Amino acid sequence: MKSKVAKSKYGSTAEADKLVVERVVKIAQERGLPRTQITLAWLLHKSPVVAPVIGATKMLQLDDAVAATSVTLSEEEIRFLEVPYVSHNIVGHV
């Protein structure tokens, strides 16, 4: 983490976050899919998700988001992604 502000807010979970990212990469490579589709597919498996905010600025990003609705993760893959996850404190205005 380069920014002192980012480090103060997210530094305590940086190692766990890195593990989650590495696991997303592993599943994406195994399936031959972009990481974006894996992460959005995971989000869509959570309940209740009414409408994820994706912030697409390029058509490819929107295409990946739409394609993620067709990706079904196994229970094993979901557990694999979630085991190293550490919840983050809310930072900023609440």
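Residues numbered from 1 in each chain as written. Predicted model: local features only at pLDDT ≥ 70, side-chain atom pairs only at ≥ 80, totals over all residues. Heavy atoms only, no water.

Take the overall build of the protein chain next. Counting secondary structure elements, the protein chain contains five helices and zero strands. The order of α-helices and β-strands along the protein chain, N terminus first, is α-α-α-α-α. Sorting the 94 residues of the protein chain into buried and exposed places 20% on the buried side. Counting contacts in the protein chain only where the partners sit at least 6 residues apart, residues at least 24 apart contribute 70% of the total. Carbon and sulfur atoms make up 58% of the accessible area of the protein chain, which totals about 7100 Å². (Helix = DSSP H or I, 4+ residues; strand = E, 2+ residues; numbered from the N terminus. Buried < 20%, exposed > 50% of the residue type's maximum accessible area, 1.4 Å probe, protein only. Contact = heavy atoms within 4.5 Å. Areas by Shrake-Rupley, 256 points an atom, 1.4 Å probe, with all protein chains shown as cover.)

Below, the discussion takes up the confidence of the model for the protein chain. When the pLDDT values of the protein chain are averaged, the result is 87; 87% of them are 70 or greater. For the protein chain, helix α1 (residues 4-10) is the element with the lowest average pLDDT, namely 70, and helix α5 (residues 75-82) is the one with the highest, namely 96. (pLDDT = per-residue confidence, 0-100.)

With respect to the helices, strands and loops of the structure, Asp64 is situated in helix α4 (residues 59-68). For Asp64, which is buried and forms no salt bridge, the nearest opposite charge comes from Arg35, at a distance of 9.2 Å. Ignoring anything within four residues of it in the chain, the contact list for Asp64 reads Pro34, Thr36 and Gln37. (Lys, Arg positive; Asp, Glu negative; His and termini not counted. Salt bridge = Lys/Arg side-chain N within 4 Å of Asp/Glu carboxyl O.)

Attention now moves to the environment of Leu73. In this structure, Leu73 sits in the loop between α4 and α5. Sequence-wise, Leu73 and Ile38 are 35 residues apart; in three dimensions their C-alpha atoms are separated by 8.0 Å. Filtering out sequence-adjacent residues up to four positions away, Leu73 remains in contact with Arg31, Ile38, Ala41, Trp42, His45, Ile78 and Leu81.

Time to look at the packing of aromatic side chains. The description of an aromatic ring pair rests on the distance of the ring centres and on the angle between the ring planes. A complete count under the given rule lists zero aromatic pairs for this structure. The ring of Phe80 has Arg23 sitting right over it, with the charged end atom 4.4 Å from the ring centre. (Phe/Tyr/Trp six-rings, centres within 6.5 Å; stacked < 30°, edge-to-face > 60°. Lys NZ or Arg CZ within 6 Å of the ring centre and 35° of its normal.)

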